[in-house]
Amino acid sequence: MKAIVVTFDRLPVGFLGCYGSQWAETVHFDRLAAESVLFDQHFGENFDTEAVNHAWWTGCYQFPRSYHQQAAQTSLWEILARAGISFRLLAEKLKTPSSVPLPAGDFVGEIDADDDSGINKSIQAASECLEKWRAKGEEKWLLWLKWE
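Please read these numbers as outputs of a predicted model, since none were measured by experiment.

### Quick notes on the overall build of the protein chain
Here comes step 1: Within the protein chain, the secondary structure is distributed over five helices and four strands.
Here comes step 2: Secondary structure elements of the protein chain, listed N to C terminal, follow the sequence β-α-α-α-α-β-β-α-β.
Here comes step 3: For the protein chain, buried positions account for 32% of its 148 residues.
Here comes step 4: Contacts in the protein chain between residues far apart in sequence, at least 24 positions, make up 54% of those at least 6 positions apart.
Here comes step 5: Surface summary for the protein chain: the accessible area is close to 9600 Å², and the carbon and sulfur share equals 56%.

See the structure below:
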């Protein structure tokens, strides 16, 4: 298993060429989309990005669980680690604490995206991570790129 997940919290799909934009050039995303599986529809319990992240990272809805119940949920990275799958989350610096505890160690790379180079920094970090896994001969990995 080798997978790259790319998520945007606040990017309208109409801004990407692979979804029909004719005014913005997104050639790299278009190429990635052409070679990937796209999830065109998402049904969440609400549109709060924290709730969506919680559902993605635990497989459980956030509501009606308390903060402590949410934090006690088994996380995606715990499941992947048990299965021997290398995992790396590259995300913009989180502005609010997550209800799902982020994994310790080298699992998370927070990208300082206070300027326009945030996505470029993320792509560079992703390339470095993929090269490291390739050099180590990793056969099972999941790389998640998360932008606001």
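And the narrative resumes.
### As for the environment of Leu-38
Here comes step 1: Topologically, Leu-38 is positioned in the loop between α1 (27-34) and α2 (49-58).
Here comes step 2: Owing to a relative accessible area of 37%, Leu-38 belongs among the partly exposed residues under this scheme.
Here comes step 3: Remark: the alpha-carbon pair of Leu-38 and Cys-18, spanning 20 residues in sequence, is separated by 9.9 Å.
Here comes step 4: In this structure, Leu-38 is in contact with Tyr-19 and Ala-33, ignoring residues within four places of it in sequence.

### Regarding the environment of Ala-55
Here comes step 1: Topologically, Ala-55 is positioned in helix α2.
Here comes step 2: Look at Ala-55 and you get partly exposed, because its relative accessible area is 23%.

### Remarks on a nonpolar patch on the surface
Here comes step 1: Residues Val-13, Tyr-19 and Leu-38 make up a contiguous nonpolar surface patch of roughly 240 Å² in combined accessible area.
Here comes step 2: Mapping Val-13 onto the fold places it in the loop between β1 (2-8) and α1.

### Some details on the pattern of salt bridges
Here comes step 1: Applying the stated criterion across every chain yields a total of three salt bridges.
Here comes step 2: A salt bridge links Glu-139 to Lys-2, with the nearest nitrogen and oxygen atoms 4.0 Å apart. One end of the pair, Glu-139, is in the loop between α5 (118-136) and β4 (141-147); the other, Lys-2, is in strand β1, and 137 residues separate them in sequence. The exposure classification of Glu-139 matches that of Lys-2, with both residues exposed.

### Some points on the sheet that holds strand β2 (residues 86-92)
Sheet strands associate in pairs through backbone hydrogen bonding, adopting either a parallel or an antiparallel arrangement.
Here comes step 1: Taken in spatial order, the four strands make up an open sheet running β1-β4-β2-β3, and their pairing is parallel. Every other strand in the sheet has two partners, leaving β1 and β3 (108-111) as the edge strands with one partner each. If you compare each strand with its neighbour and ignore which way they point, the axes differ by 10° on average.

### Some points on the nonpolar core
Here comes step 1: Residues Trp-57, Leu-76, Trp-77, Leu-80, Ile-85, Phe-87, Leu-89, Ala-91, Val-108, Leu-142 and Trp-144 constitute the largest nonpolar core, which totals eleven residues.
Here comes step 2: When residues of this core are traced back to their parent elements, those giving at least two are α4 (76-82), β2 and β4.
Here comes step 3: Contact partners of Leu-80, with chain neighbours within four places excluded, come to Ile-85, Phe-87 and Leu-142.
Here comes step 4: Counting ten residues, the second largest nonpolar core, distinct from the first, contains Leu-90, Cys-129, Leu-143 and Leu-145.

### Notes on the layout of surface pockets
Here comes step 1: By volume, the second largest pocket amounts to about 460 Å³.
Here comes step 2: Contributing to the lining of the second largest pocket are 16 residues, with His-28, Phe-29, Leu-32, Ile-123 and Leu-145 lying nearest its centre.
Here comes step 3: Sorting the residues of the lining of the second largest pocket by element identifies β1, α1, α5 and β4 as the ones contributing at least two each.
Here comes step 4: For the lining of the second largest pocket, the element with the highest residue contribution is α5, accounting for six residues.

Conventions we followed
Residues numbered from 1 in each chain as written. Predicted model: local features only at pLDDT ≥ 70, side-chain atom pairs only at ≥ 80, totals over all residues. Heavy atoms only, no water. Helix = DSSP H or I, 4+ residues; strand = E, 2+ residues; numbered from the N terminus. Buried < 20%, exposed > 50% of the residue type's maximum accessible area, 1.4 Å probe, protein only. Contact = heavy atoms within 4.5 Å. Areas by Shrake-Rupley, 256 points an atom, 1.4 Å probe, with all protein chains shown as cover. Patch = residues over 30% accessible without salt bridge, like charges linked within 9 Å, V, L, I, M, F, W, Y side chains within 5 Å. Salt bridge = Lys/Arg side-chain N within 4 Å of Asp/Glu carboxyl O. Pairing = 2+ DSSP bridges. Axes fitted to C-alpha atoms, helices over the stretch in contact; angles between N-to-C directions. Core = buried A, V, L, I, M, F, W, Y, C linked by side-chain atoms within 4.5 Å. 1 Å grid on protein atoms, 1.4 Å probe; cavity = no way out; pocket = protein on both sides within 12 Å on 5 of 7 lines; lining within 4 Å. Points joined across faces, edges and corners; volume = space filled by probe spheres on them.

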